[in-house]
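Examination of the molecular architecture
For reference, the chains in residue letters:
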Amino acid sequence: MSDLRAWDNTELWHPFTPMTAWGEEQAPIIKSGEGFYLTDVDGRRYLDGISSLWCNVHGHRVPELDAAIRDQLDKVAHSTLLGLSSPPAIELAHELVQRTPNGLNHAFFSDAGATSVEAALKMVVQFHHQKAQPEPERRIFVRVAESYHGDTFGSVAVGRVEAFHRPFSGMLFETLTVPSPVAYRVPPGYDAASWLKHCFDQVESTIAEHRDRIAGFIMEPIVQGAAGIQVHTPGYLKHVREVTARHGVPLITDEVAVGFGKTGTMFACEQEQVVPDVLCLAKGITAGYLPLAATMVTSEIYDAFLGQPHEGRTFYHGHTYTGNPLAAAVSLVNLRLFDERNVLGNVAEITEQMKSRLSELNDHPHVGEVRQKGVMVGIELVINRDTKQPYGPEVRIGHEVTLAARRRGVIIRPLGNVIILMPAVAMPAAEIDELCDATIASIREVCGETALSAKNR
Ligand SMILES: *Cc1c(COP(=O)(O)O)cnc(C)c1O
């Protein structure tokens, strides 16, 4: 075994990874990338079917993006936004204000999706202390069931996933949970229509009952990504905006997963003409090149932090690498390429292409549901289509399918029993076909064609 392999198995602790099993898996060690492909240290080439965890936009080693970083590197790699400023950060704030929905006039930078959410939560709480008619008792957030907002304590409090966060349950701040407006599995006593109505009603009743304690409502708009690409029933986001506005509850939309074209529009909120009070951005913001995030806010919120320094209205919050010039420089070129290359037009085309290709799975006995919005796809594997009985975790069915895809030279990654496809928004049709071919073949190989397959325990 090479030194790299040995050290990778013992010294590098991988995120979200059962490290005991890791050693046996011989996961590719990626050495280089080109276009939409990655190459490992053994020279094997793979199609990047998850856009390097949902953040790559135009492919790898894009000359314009590489040049943006090199040019900035010739000026300065990093300077701080505490007490100083920098042209790339200023210009990026301006670009984001122009491009995000009208009214989001201020950009606060950090470096990860989770930190964009932390900043949002703290801004909203502090806003209630400092607005014209203060309501400091408003400290509780409403969240949507099965949401994911990152892995820091605050973002876990509003987005916990039972399996990930059990040890921390007693340490998280209080939240109110409304059900997620999806109807693949509905609780006993409901059908799809009555369940969705219940989900809509719960927004109103929860907010009406607790309004005086509620700091804000946080949600992933249109699609809950980490929950397995759960696509909300149309109209839910608009409904939440209407109810929160009517009750004076700030709405935080976390577009870390759905932003930058993935649902078909630049930002998912545009799909229902919604303007949130706070918008969180990260993953696609630098085209998948460097860590950067932005929390966009309205002037109503921002203005509550204005005043003389000694009044103590400042937002005392920030991270060392906030607004890093290299990251901001590549982000600016990323946004320019969105226009120059008509990336949203490409999303429209490959969305239809994936829909038609993946319809081949519609009557597969172990495919419970194919969910899709734009380039975001979740294929839920089940033991039985009719009962929707899930595979047990010991089968690691999703993981087995991704190993089969890897043998075909395609990188995908499951979320439990859901196979996720997340091609870069700029991926061309030929690579989309390759991704769909490998996914369909791998599901057929691992799950079998019939309900009597060996994996069917
Ligand atoms: C990935 C994700 C996050 C966390 O982003 P990090 O950069 O990993 O901290 C937050 N919210 C959503 C919706 C995400 O998909």
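Residues numbered from 1 in each chain as written. Predicted model: local features only at pLDDT ≥ 70, side-chain atom pairs only at ≥ 80, totals over all residues. Heavy atoms only, no water.

**Comments concerning helix H12 (residues 325–340)**
Given a rise of 1.5 Å per residue, 16 residues ought to cover 22 Å, and the 23 Å separating the end C-alpha atoms of H12 matches this to within 8%. In terms of burial, H12 is largely enclosed, as 13 of its 16 residues are buried. Between a side-chain oxygen at the N-terminus of H12 and the backbone nitrogen of Leu326 the separation is 3.1 Å; the capping residue is Asn324. (Helix = DSSP H or I, 4+ residues; strand = E, 2+ residues; numbered from the N terminus. Expected span 1.5 Å × (residues − 1). Buried < 20%, exposed > 50% of the residue type's maximum accessible area, 1.4 Å probe, protein only. Polar contact = N/O pair within 3.5 Å; in protein donor to acceptor, adjacent residues only side chain to side chain.)

**Points about the site of the ligand**
Near the ligand the following residues occur: Ala112, Gly113, Ala114, Tyr148, His149, Gly150, Glu220, Asp254, Val256, Ala257 and Lys283. A distance of 2.7 Å separates an oxygen atom of the ligand from a polar backbone atom of Gly113. At 2.7 Å from a nitrogen atom of the ligand is found a side-chain nitrogen or oxygen belonging to Asp254. Here the ligand has 380 Å² of accessible area as a free molecule, and 81% of this is covered by the chains. Taken together, the residues of the shell around the ligand sort by class into five nonpolar, three polar and three charged. (Near = heavy atom within 4 Å. Areas by Shrake-Rupley, 256 points an atom, 1.4 Å probe, with all protein chains shown as cover. Nonpolar A, V, L, I, M, F, W, Y, C, P; charged D, E, K, R; others polar.)

**Overview of the pairing of strand E3 (residues 45–48)**
Consecutive side chains of a regular strand alternate in pointing toward one face of the sheet and then the other. Pairing of strand E2 (residues 37–40) with E3 involves three bridges; the strand directions are antiparallel. Bridge pairing in E3 places Leu38 opposite Tyr46. Here E2 folds back onto E3, and the loop between the two strands holds four residues, one of which, Gly43, carries a positive phi near 85 degrees. Relative to strand E16 (residues 410–411), E3 runs parallel, the two sharing two bridges. Counted as the bridge partner of Leu47 is Val410 from E16. (Pairing = 2+ DSSP bridges.)

**Details of the sheet that holds strand E12 (residues 293–298)**
Sheet strands pair by backbone hydrogen bonding; their relative direction is either parallel or antiparallel. If you walk across this open sheet you meet the seven strands as E4-E12-E11-E10-E7-E5-E6, and the pairing is mixed. The open sheet has two free edges, formed respectively by strand E4 (104–110) and strand E6 (175–178), since each of these has just one partner strand. Each adjacent strand pair in this sheet contributes to an overall mean axis angle of 20 degrees, direction not counted. (Axes fitted to C-alpha atoms, helices over the stretch in contact; angles between N-to-C directions.)

**Side note on the side chain of Ser51**
For Ser51, the location among the structural elements is in helix H3 (residues 51–54). Of the polar contacts made by the side chain of Ser51, one reaches the backbone oxygen of Met422; its length is 2.7 Å.

**Here's the deal with the sheet that holds E16**
The strand order E1-E2-E3-E16 describes an open sheet built from four strands, whose pairing is mixed. Two strands in the sheet have a free side with no partner beyond their single neighbour: strand E1 (30–34) and E16.

**Side note on helix H14 (residues 397–407)**
Because an α-helix completes one turn every 3.6 residues, residues spaced three or four positions apart along the sequence face the same direction. Summarising burial for H14: eight of the 11 residues are buried, a large majority. Among all positions of H14, only Ile397, Gly398, His399, Val401, Thr402, Leu403, Ala404 and Ala405 are buried. Its buried side turned inward, H14 meets helix H2 (19–25), strand E14 (376–384), E16, strand E17 (413–415), strand E18 (418–421) and helix H15 (429–447). (Contact = heavy atoms within 4.5 Å.)

**Observations regarding the domain arrangement of the chain**
Taken domain by domain, the chain consists of domain 1 (2–58 + 342–455) and domain 2 (66–340). Computed from C-alpha coordinates alone, the two centres of domain 1 and domain 2 are separated by 27 Å. In total, about 2,500 Å² of surface goes out of reach between domain 1 and domain 2, with carbon and sulfur atoms giving 66% of it. The largest share of the area that domain 1 buries against domain 2 comes from Trp54, Lys373 and Met376, three residues that together contribute 24% of it. For the interface between domain 1 and domain 2, the tally reads 14 residue pairs in polar contact (both at pLDDT 80 or more). Secondary-structure elements contributing two or more residues to the side of domain 1 that touches domain 2 are H3, helix H13 (343–358), strand E13 (367–373), E14 and E18. Taken together, the residues that form the side of domain 1 that touches domain 2 break down as 18 nonpolar, seven polar and five charged. (Domains from an automatic or database assignment. Buried area = accessible area lost by both parts, 1.4 Å probe.)

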